[in-house]
Amino acid sequence: IFDKNQKLMLRRLLSYIIPIKIYKTNSALSKTIEVTWANGELVLDSENTNYSYGSLQRILRKGLKHFGFEKIAKMNNALVLGVAGGSVIKTLVDEIHFKGQITGVDIDPDIIKIANEYFKLNEIKNLNIVIDDAFEFVLKTKDHYDLIIVDIFQDTNMPNFLFEKFFINRICFLLKSKGIILFNTMCLTPADNVRNYNFIKDFNNESYKIQSIPRVEIHNELIIIEKMN
């Protein structure tokens, strides 16, 4: 008979061979949500894509590394639009040792319940979670941020508002001096690649620098925007 810790260790070891699903539920907004042991770590997935940890954590970690963990660690506040299981928040707190205030915004309360239960998001002292639509939140907030991470998906779909000039201008407005935006995008079709190319090409503001960084995962492209002054 195994005790709880032994069962946990066994699951982790077996997950290097085959993924082990430990929880599955349906959400009105995200449809199917699954928590799975995979390659020795807990990951959060929707029906067709990784939501938190796993490949998604690698993508956003690379974006943060692009600017340097030391630079990020000195920042005072961060906004995460699209929390899911909170993998990028864990990267900020556990790896970068970010001590500033983190505001996480997610539209789906079911996802946040899972993030609290399985990934202990509610134990992070400098994190404030807001259940709200990201578009509505950025219209209402009076705060400004050193770092804004946009990581919003409904399964494999990205809401259209993310690529509209009004939204991107608004989040640029919310940046402090020398602030940074990390915008995680999914490119499943040639049309998605064209969308990203045009988004970068049409971005026209001399106060900001925009570029994409080399892909970590084949279907995800990270666009970064820096406020130059």
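In the block above lies the structure referred to throughout.
Below you will find a few notes about this structure. Residue numbers here run from 1 along each chain, matching the order of that chain's written sequence. Local features are withheld for residues below a pLDDT of 70 in this predicted model, meaning they are given only at 70 or higher, and side-chain atom pairs are given and counted only at 80 or more; totals for whole chains, interfaces and linings count all residues. Water and hydrogen atoms play no part in the side-chain values, which are based on all heavy atoms of the structure.

1. Remarks on the nonpolar core
Working step 1: Remark: nonpolar core denotes a set of buried residues (Ala, Val, Leu, Ile, Met, Phe, Trp, Tyr, Cys) joined through side-chain atoms within 4.5 Å. Each residue is assigned to one of three classes by its accessible area relative to the maximum for its type, calculated with a 1.4 Å probe on protein chains only: buried under 20%, partly exposed between the two thresholds, exposed over 50%. By size, the foremost hydrophobic cluster in this structure holds 30 residues, and its most contacted members are L81, I148, V150, L162, I171, I181 and F183.
Working step 2: Under the scheme used here, helices are H or I runs from DSSP no shorter than 4 residues and strands are E runs no shorter than 2 residues, and both carry numbers assigned from the N terminus. Listed by contribution, the elements that provide at least two residues to this core are β5 (77-81), α6 (134-140), β8 (145-150), α7 (165-173), β9 (175-186), β10 (208-213) and β11 (220-227).
Working step 3: Beyond its immediate stretch of four places on either side in the chain, L162 contacts V150, I152, F167, I168, F183 and F199.
Working step 4: Grouped together as the second largest cluster of nonpolar side chains are 28 residues, I72, L127, L182 and I224 included. Pairs of residues are marked as contacts when any of their non-hydrogen atoms sit within 4.5 Å.

2. A short note on empty space enclosed by the protein
Working step 1: In this analysis the probe radius is 1.4 Å and the grid spacing 1 Å, with only protein atoms considered; a cavity is a set of points the probe fits into but cannot get out of, a pocket is an open set with protein on both sides within 12 Å along at least five of seven lines, and lining residues have an atom within 4 Å of a point. Grid points are joined across faces, edges and corners, and a volume is the space filled by probe spheres set on the points. One pass over the structure, following the stated rule, counts one cavity of 30 Å³ or more.
Working step 2: As a volume, the largest cavity reaches approximately 30 Å³.
Working step 3: Tallying contributions element by element places β11 first for the lining of the largest cavity, with three residues.
Working step 4: Polarity classes work like this: nonpolar for Ala, Val, Leu, Ile, Met, Phe, Trp, Tyr, Cys and Pro, charged for Asp, Glu, Lys and Arg, and polar for all others, with Gly in that last group. Of the residues contributing to the lining of the largest cavity, the split by class is five nonpolar, one polar and two charged.

3. A short note on helix α4 (residues 87-95)
Working step 1: For α4, a buried count of seven out of nine residues is recorded, marking the element as mostly surrounded by other parts of the structure.
Working step 2: Every buried residue belonging to α4 is among S87, V88, I89, K90, T91, L92 and V93, and all of these are buried.
Working step 3: Where α4 ends, the next residue or the one after it, H97, has phi of about 60°, a positive value.

4. Some thoughts on the layout of surface pockets
Working step 1: A volume near 390 Å³ is recorded for the largest pocket.
Working step 2: As for the largest pocket, its lining consists of 15 residues, and the residues nearest its centre are L8, I22, W37, L42 and Y118.
Working step 3: Contributing elements (two or more residues each) for the lining of the largest pocket: α1 (4-14), β3 (41-46) and α5 (109-119).
Working step 4: By residue number, the principal contributor to the lining of the largest pocket is α1, which donates five residues.

5. Description of unusual backbone geometry
Working step 1: Despite not being glycine, K120 shows a phi value in the positive range, around 55°.
Working step 2: Inspection of the secondary structure puts K120 in the loop between α5 and β7 (127-131).
Working step 3: According to the relative accessible area criterion, K120 is partly exposed, its value standing at 40%.
Working step 4: Phi at K178 takes a positive value of approximately 65°, unusual for a residue other than glycine.

6. Some remarks on the pairing of β5
Working step 1: Burial runs high along β5: five of the five residues are buried.
Working step 2: By definition, two strands form a pair when at least two bridges between them are found by DSSP. The pairing of β5 with strand β6 (residues 101-106) spans five bridges and is classified as parallel. Across the sheet, V80 pairs through a bridge with G104, a residue of β6.
Working step 3: The parallel pair β5 and β6 is bridged by α4, and the resulting crossover is right-handed.
Working step 4: Bridging between β5 and β8 involves four bridges; their strand directions are parallel. Within the sheet, the bridge partner assigned to V80 lies in β8 and is I149. The path from the first strand over the helix to the second decides the hand: if it runs clockwise while the strands point away from the viewer, the crossover is right-handed.

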